[in-house]
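Structure at a glance
Here is what each chain is made of, one letter per residue.
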Amino acid sequence: MRDSPIHGRGVFATRRIEAGEVVIDGCREALSDEAVQSLPAEEREFLSVMDGHHILMKPPSRFVNHSCQPNARGTDEHDVAVRVIEAGEEVTVDYAAEHVPGLSMTCNCKASNCRGFIVAL
Ligand SMILES: [Zn+2]
């Protein structure tokens, strides 16, 4: 983890990662509706909804930044590379595809297909 040109701190590959490789295993917790209600506001921004379940991202997963041209994809268990990620490259996922509740943000990813403004689908 180090400072990211996209936002705050980001997660960077320390070696070349092949497409389909698990980039981050675990680092997430399924929460009940009750547990989500009692989460402090600063924790809620790290929630995703996957297969109808609330998933709380823990470090380092929660520091994976959004890109409109992501190189990884999150599931309820791990983040998987969708293409080769070179050593030193920042690991990114598409937040809209991960159904982050209440997502609404300006995107700074600088991808050629950047959507500019990201909202939950
Ligand atoms: Zn973007």
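A short tour of the structure in this document, coming up. From a predicted model like this one, the values you see are computed outputs, not experimental measurements. (Residues numbered from 1 in each chain as written. Predicted model: local features only at pLDDT ≥ 70, side-chain atom pairs only at ≥ 80, totals over all residues. Heavy atoms only, no water.)

**Focus on the overall build of the protein**
Using the following cut-off: A run of H or I in DSSP counts as a helix once it spans at least four residues, and a run of E counts as a strand once it spans at least two, with each numbered from the N terminus. To get the radius of gyration, use the C-alpha atoms; to get the globule rule, take the number of residues to the power 0.38 and multiply by 2.2 Å. Summary of the burial criterion: residues with accessible area below 20% of their type's maximum are buried, those above 50% are exposed, and those between are partly exposed, where the area comes from a 1.4 Å probe applied to protein chains only. We call two residues contacting when some pair of their heavy atoms lies within 4.5 Å. Note on areas: these come from Shrake-Rupley sampling with a 1.4 Å probe, and a residue is covered only by the protein chains present in the view. For the charge count, each Lys or Arg is scored as positive and each Asp or Glu as negative, with His and the chain ends excluded. Each charge is placed at NZ for Lys, CZ for Arg, CG for Asp and CD for Glu.
Scanning the protein for helices and strands turns up two helices and twelve strands. Along the protein, from the amino end to the carboxyl end, the secondary structure elements read β-β-β-β-α-α-β-β-β-β-β-β-β-β. The C-alpha radius of gyration computed for the protein amounts to 14 Å, which stays within 12% of the reference 14 Å derived for 121 residues, consistent with globular compactness. Principal-axis analysis of the C-alpha atoms gives the protein an extent of 40 × 30 × 25 Å. Expressed as a percentage of the 121 residues in the protein, the buried residues total 41%. A separation threshold of at least 6 residues defines the contact pool for the protein, and within that pool the share at least 24 residues apart is 62%. In the structure as shown, the protein presents an accessible area of about 6700 Å², 52% of it carried by carbon and sulfur atoms. Placing the 12 positive and 19 negative side-chain charges of the protein at their respective mean positions leaves the two points 6 Å apart.

**Regarding the environment of aspartate 33**
Tracing the sequence through the fold places aspartate 33 in helix α1 (residues 33–37). A C-alpha to C-alpha distance of 32 Å links aspartate 33 and phenylalanine 12, two positions 21 residues apart in sequence.

**Structural notes on the coordination of the zinc ion**
Counted only if it meets this: Only nitrogen, oxygen and sulfur atoms within 2.8 Å of the metal, or 3.2 Å for Na, K and Ca, are treated as donors, and water is left out, so sites may look incomplete. Just to be clear on the cut-offs, tetrahedral is four donors with all angles between 85 and 135 degrees, square planar is four donors and octahedral six with opposite donors over 155 degrees apart and all others between 65 and 115, and anything else goes down as irregular.
Surrounding the zinc ion are the protein donor atoms Cys68 (SG), Cys107 (SG), Cys109 (SG) and Cys114 (SG), at 2.2 to 2.4 Å. For the zinc ion, the four donor atoms in the first shell make angles of 102 to 114 degrees at the metal, so the coordination geometry reads as tetrahedral. Look at where the donors of the zinc ion fall in the sequence and you get C-x38-C-x1-C-x4-C. The pair formed by cysteine 107 and cysteine 109 is uniform in burial state, with each residue classed as buried.

**Comments concerning the sheet that holds strand β8 (residues 72–74)**
For clarity, the threshold we go by: Any two strands with at least two DSSP bridges between them are considered paired. Helix axes are fitted to C-alpha atoms over the stretch in contact, other axes to C-alpha atoms as well, and angles between N-to-C directions run from 0 to 180 degrees.
The three strands are arranged β3-β9-β8 in an open sheet whose pairing can be described as antiparallel. Sheet topology places β3 (22–25) and β8 at the edges, where each strand pairs with a single neighbour. Direction aside, the axes of adjacent strands within the sheet are offset by 15 degrees on average. Note: β8 against strand β9 (residues 78–81), three bridges, orientation antiparallel. Across the sheet, glycine 74 pairs through a bridge with aspartate 79, a residue of β9.

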